[in-house]
Each structure stands twice: as C-alpha cells, then as structure tokens.
Amino acid sequence: MTTTVQATTARAAARQRPVGQLLREWRDRRRISQLDLAISADISTRHLSFVETGRSQPSRDMVLRLGEHLDVPLRERNRLLLAAGYAPAYTENALGDPDMTAVRQAVRQLLASHEPYPAAVVDRNWDLVDANAAIGLFVAGIPAELTTNVLRATLHPDGMAPHVLNLGEWRAHLLGRLRRQVGQTGDPGLAELLAELRGYPCDQPVPEVEVPGPGDIFVPLKFRHEGTDLTFFSTVATFGTPLDVTVAELVIEAFFPADAATAEYLRERGAAVE
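To keep things clear, this report deals only with the structure shown in the data block. These numbers were taken from a predicted model, which means no experiment stands behind them. (Residues numbered from 1 in each chain as written. Predicted model: local features only at pLDDT ≥ 70, side-chain atom pairs only at ≥ 80, totals over all residues. Heavy atoms only, no water.)

1. A closer look at helix α6 (residues 74-83)
Of all ten residues making up α6, nine are buried, and the element is well covered by its neighbours. Buried residues of α6: Leu74, Arg75, Glu76, Arg77, Asn78, Leu80, Leu81, Leu82 and Ala83, and no others. Directly beyond the C-terminal end of α6, a positive phi value near 95° is found at Gly85. (Buried < 20%, exposed > 50% of the residue type's maximum accessible area, 1.4 Å probe, protein only. Helix = DSSP H or I, 4+ residues; strand = E, 2+ residues; numbered from the N terminus.)

Following this line, the structure appears as structure tokens:
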C-alpha cells in the first residue's frame, strides 16, 4: 500500500513549488536547453517557456512526457504531477505487500543463487533491504545501528572501514557513486548522507579521480577477514522495466572474488556454514 506519510509529505512539498519551476530545475540539472527539450518532447519552445514560467498549466500527459524526456525518477515524477494538481501515476508499494510477491521472490532467488559470494539489496537511501548469508562476512561484529545503511556500515570507523585494506580507494568509489546519485535525483536526504560520510575519518589518501593503475580494470574491494586478505569486485543490477517507485529504486549489488584465493576461501567458508 502507498505510504500515507510519504504521500502527505510529497503533497506538502509540491504545493510549495510550482510545477514549472520544478521542471526548469530538472532541465537545468540535466543540462538540456529549452529548445532541445521541446524538440525531443514534440512541443513548441514557446509552450515550454510558458509552462516553466507559470503562464501555462501543463496537462497531465505533458507532465509525464516531460518527466520521461528529462529522465526524472518515478518518485519525482509523482511529485511533478502533484505540483501540477494531478494524482500520482506511479504506485509505491511496500516490499511486503501482496502485490510485490513476484519481486520478493525474484530478489530472494538472485541472492540465494549468488551464494557463497556476498550480495545485498538496497533502496534509494542505501538502506539495507535484504541480503544473503554470505554478507555476514562483511558485517560480523559491526554495531546493529550501522548495518541498516550499507554506506555507513562500510565507511564508519566502527564499521567495515578498519578491515578495508584500500579504504581510501574504496571510499572514493562509493562517495563518487553517491555524489552522482545526488546530482541525478536532487534528493536533499542523500546530500545530507554524502556530507555525513565525507566527515568520517580516513587514514589513507582518497583519490579525487579514479584513474586505473597498470592492469587495473575495476576498483577492487580489498577486505581482511579473520586474518585473511580477500579481494572482490562488484556488479550492480536493477529491475529493467519498473512502474512502481519501490521497484525502481531497488539496487542489487553482488560481490565476486577477484582472484582464485578469494574464491577458494569463500567456497570453504560456505561449505563450513552448511
């Protein structure tokens, strides 16, 4: 079911900001000119200008069309509709709702099939939604209040950070991902999280730009577990055709061994757990 509190908050925020102003901000964020947006959305530049300045009220179809061409996330498209006086177009179901059974089953199947390698599912805020048993390798001994958010769990000095051998490099990678997400969504909550994480201490150099060294093809996660040095790389998966806000914001991150020694260690650990 759609969360009442979230819907109320969205309506309150939308009433304070005209839809034209919001559309202009999204266009500026995407660095698209009025002319380019008008051409791609098949409307006149004059009409688009009138919408942005509030001289013309866009139809529901036009709000959706502009949101699509601006690649606005589904959650923000709903807010655009609310600001224009229309009902949201995209549902926001809780993952535990009956309508989400197929999604839950797909997520669980992906997580289970990735054993004995770690995998986790996070939402828009990087809060942990689900994980397989192998993720325990990373979070064992971490305070429970940190494990609810994977970025805090990774970079906080009481979290994984003391065991991450290339903390400066991995920190730069994660903060870069979050920084790009802030730019894409304009989410103030994510901006606050980014500021918080930047304040965490790090005793290693943090590169400004990810430049590969000789033979590097990805940024590895180098992690020490019970005296054994392990090296991982990760892949990220999302649902390909989401029409629900919750589904659109789910991200599945799967870690793979980057060398034979790590693979063998994980297989032996998985066999021992079974």
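2. What about the pairing of strand β3 (residues 221-225)?
Of the two faces of β3, only the one carrying Leu221, Phe223 and His225 is buried; Lys222 and Arg224 on the other face are not. Judged from the five bridges that link them, β3 and strand β4 (residues 228-237) form a sheet pairing that is antiparallel. Residue Arg224 lies in a different strand from β4, and its bridge partner there is Asp229. Turn length for the β3-β4 hairpin, with the two strands adjacent in sequence and antiparallel, is two residues, and the turn residue Glu226 shows positive phi of about 50°. (Pairing = 2+ DSSP bridges.)

3. Things to note about the pairing of β4
Pairing analysis gives six bridges linking β4 to strand β5 (residues 251-257), with the strands arranged antiparallel. Considered in β5, the bridge of Thr235 is made with Ala254.

4. Things to note about the pattern of salt bridges
A full pass over the atoms with the stated rule returns 16 salt bridges. Of the charged contacts in the structure, one is a salt bridge between Glu249 and Arg75, with a shortest N-O distance of 2.8 Å. In this pair, Glu249 sits in helix α13 (residues 245-249) while Arg75 sits in helix α6, placing the two residues 174 residues apart along the sequence. For the pair formed by Glu249 and Arg75, the shared burial category is buried. Close ionic contact of Arg152 with Glu196 constitutes a salt bridge, the shortest N to O distance being 2.8 Å. Here Arg152, found in helix α10 (residues 150-155), pairs with Glu196, found in helix α12 (residues 188-198); they are 44 residues apart in sequence, far enough to count as distant. (Salt bridge = Lys/Arg side-chain N within 4 Å of Asp/Glu carboxyl O.)

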